[in-house]
Every structure is written in C-alpha cells, then in structure tokens.
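What follows is the residue order along each chain.
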Amino acid sequence: MARSRVTLDRRRIRGDALMWLFRSLGQCRVECGGEEVPLGTPQNRVVLAMLVLHANEVVSAGRIFDELWDQCPPPSAKAQLHSIVFRLRRLLGRTRIGTARPGYVLRASPAELEVDLVRDDVEHARRVLAAGDVESGAAMLRSALKRWRGPVLPELRCAAHVAAGLEEFRMAVLEERVDADLLLGRDADLVAELTGLVAEHPLRERLRAQLMTALASSGRVADALDVYAAFRRTMVGELGVEPSNRLRALHSRILRGEVAAGW
C-alpha cells in the first residue's frame, strides 16, 4: 500500500512527463505510465466520465448536477462538486481540469483520448488494406477492436447517443475485419464467430452475407442457402421488405457455385 501511494505521489509531481490515457470504450478509466489510476468514489468516476465524454469542451455544472443527482441536486451540490473536482485534480494534476464558466473542462490531447486513438488506428488499417496488405490490415483492425471493453461509458445516462454511434462504428470495423479474414481464406474459422454475430444482430445484412460466404467457401452450400432463406423470412415478416439486390445477387452466385470473398 505504501509503495502504491509513493507511485501516485510521484505521478502528481511528474505527471506531465508520463503518458496519460483516458479510456471511454467501456467504463471510464484513466491510465498513467501504463498503470491504472484509482478514481475513488462512483461520483468521482461519473464527473470524470462527463469531462472525458466532452474532452476539451466546457461542461456546465448544471449538466454534471443532472447526471449525479438526476435533476434533483441537494442544497450542497456546488460544494460537493467542488470537492469532487479537487480530488480529481489531486489524481490527475492541477492543470488537467480547468475551471471555465459555467463549469469545467478536461484538457487532453488526441493521443491521450482512447476514442481518438482507435479512430486513428482504424484509418491506418484501412490505408494498409487499400494498399493490398490484407494480413497486416486485418491484424490492425483486430487490435483496434480489442480496445472495446464493454458499453461506452455506462456510468452516464447522457452518453446513450454517443455510445450508439460508437457501437455502430465498432460493428462496421468488425465487418471490415471479417471481410479481410475472408480474403485470407479463413472461412472455416469464421463460421462459428459469424453464427454468433448473426444471432446477436439478426438484421445486419452484411453479417449474413459474410456468413453465407464463409459457409459456401467451406463447402457448406446448403447451409449458406438456409442462412439466406432465414434472413428473407425475417425481413419480409418483420419489416415487409425483401433483402437487398446485393444479397440476392450473392445468393444467385452461391447457387451457381461462383462464391468469392466480398459482396
């Protein structure tokens, strides 16, 4: 315990010399020099999560009150928030959280924000894939996906819209990684993963196409056609629409024995 306290004290003194990382792809976490910084109380974590969600933007005290006390702040709300920010500054450094009317702002560079880092990683992977290095690109996408540890900032009610957007981004990256693995001939290894993903996301057409491709390429043509038939029943029964032209074209190619990675 004493050793941990000494380490934290040194961080407070030399924090700017160490690499900080504000993680938001899951529960809010902070790392310094590769080690997690204990944030203390749930209220500390909520306030920091709000500031990380809006990094480099002023977050009003009123919005923080609403998140902490669901629009029913106690008379001591201002004093309590001041104490929380004081404790966070002790952990993160006095200049990390600034006071700016009508509230506070977390100052962080793109290299310190997990969301910015993962977007940069994905863009780099896409450039590598476009250059023809499929194996390296797939590995980069796989590494980027590992940054997600669960729902985005589950501490915050107000993060639902941002969380939904990041979840859609994650799914798109996942589908790109599967496409790369299909190009690398990993069809048989993908079937189990894609079967689970289709069950979890039954209306995502691209996942259905990928599962159909993996099955057909593994010699399981009848199973691939069953996947299409099940998806068509779902689309027509629940939404009243037919599968897209692209998926119908893939279905036709499978019937003709012309399956290839991609659709």
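Look above for the structure.
Calculation rules
Residues numbered from 1 in each chain as written. Predicted model: local features only at pLDDT ≥ 70, side-chain atom pairs only at ≥ 80, totals over all residues. Heavy atoms only, no water. Pairing = 2+ DSSP bridges. Helix = DSSP H or I, 4+ residues; strand = E, 2+ residues; numbered from the N terminus. Contact = heavy atoms within 4.5 Å. Expected span 1.5 Å × (residues − 1). Buried < 20%, exposed > 50% of the residue type's maximum accessible area, 1.4 Å probe, protein only. Axes fitted to C-alpha atoms, helices over the stretch in contact; angles between N-to-C directions. Parallel < 35°, antiparallel > 145°, perpendicular 65-115°, else oblique. Left-handed = near helix turned anticlockwise from the far one by under 90°. Nonpolar A, V, L, I, M, F, W, Y, C, P; charged D, E, K, R; others polar.

1. A few points about the sheet that holds strand β3 (residues 35–36)
Then, in step 1: The strand order across the open sheet built from three strands is β1-β2-β3, with neighbouring strands paired in antiparallel fashion. Edge positions in the sheet fall to β1 (20–23) and β3, since each of these pairs with one other strand and no more.
Then, in step 2: The pairing of strand β2 (residues 29–32) with β3 spans two bridges and is antiparallel. When the bridges of β3 are listed, E31 appears paired with E36.

2. A few points about the sheet that holds strand β4 (residues 59–60)
Then, in step 1: If you trace the three strands from one edge of the open sheet to the other, you get β4-β6-β5, paired in antiparallel fashion. Among the strands making up the open sheet, the edge pair consists of β4 and β5 (97–100).
Then, in step 2: Both β5 and strand β6 (residues 103–106) contribute to a ladder of four bridges, which runs antiparallel. Paired with G98 across the bridge in β6 is V105.

3. A look at the side chain of S24
Then, in step 1: Counting through the fold element by element, S24 comes out in the loop between β1 and β2.
Then, in step 2: Setting aside anything within four residues of it in sequence, one finds S24 in contact with V52, E114, V115, R149, V152 and L153.

4. Concerning helix α7 (residues 160–183)
Then, in step 1: An ideal rise of 1.5 Å per residue puts 34 Å on 24 residues; α7 measures up with 35 Å between its terminal C-alpha atoms.
Then, in step 2: Directly after α7, the chain includes G185, whose backbone phi takes a positive value near 80°.

5. With respect to the environment of H54
Then, in step 1: Inspection of the secondary structure puts H54 in the loop between α2 (42–53) and β4.
Then, in step 2: Relative accessible area serves as the criterion here: at 15%, H54 is assigned to the buried category.
Then, in step 3: Remark: the alpha-carbon pair of H54 and R253, spanning 199 residues in sequence, is separated by 47 Å.
Then, in step 4: Ignoring any residue separated from it by four or fewer positions in sequence, one finds H54 in contact with V59 and R63.

6. Some thoughts on the packing of helix α5 (residues 114–130) against helix α6 (residues 134–145)
Then, in step 1: Here α5 crosses α6 at 165°, and the two axes come no closer than 8 Å. Taken together, the axis directions place α5 and α6 in an arrangement best described as roughly antiparallel. Crossing of α5 against α6: the hand is left-handed. Contact with α5, carried on its side by V118, D121, V122, H124, A125, V128 and L129, involves V134, S136, G137, A138, M140, L141 and A144 of α6 and no other residues of that element.
Then, in step 2: Of the residues in the contact of α5 with α6, the class split is ten nonpolar, three polar and one charged.

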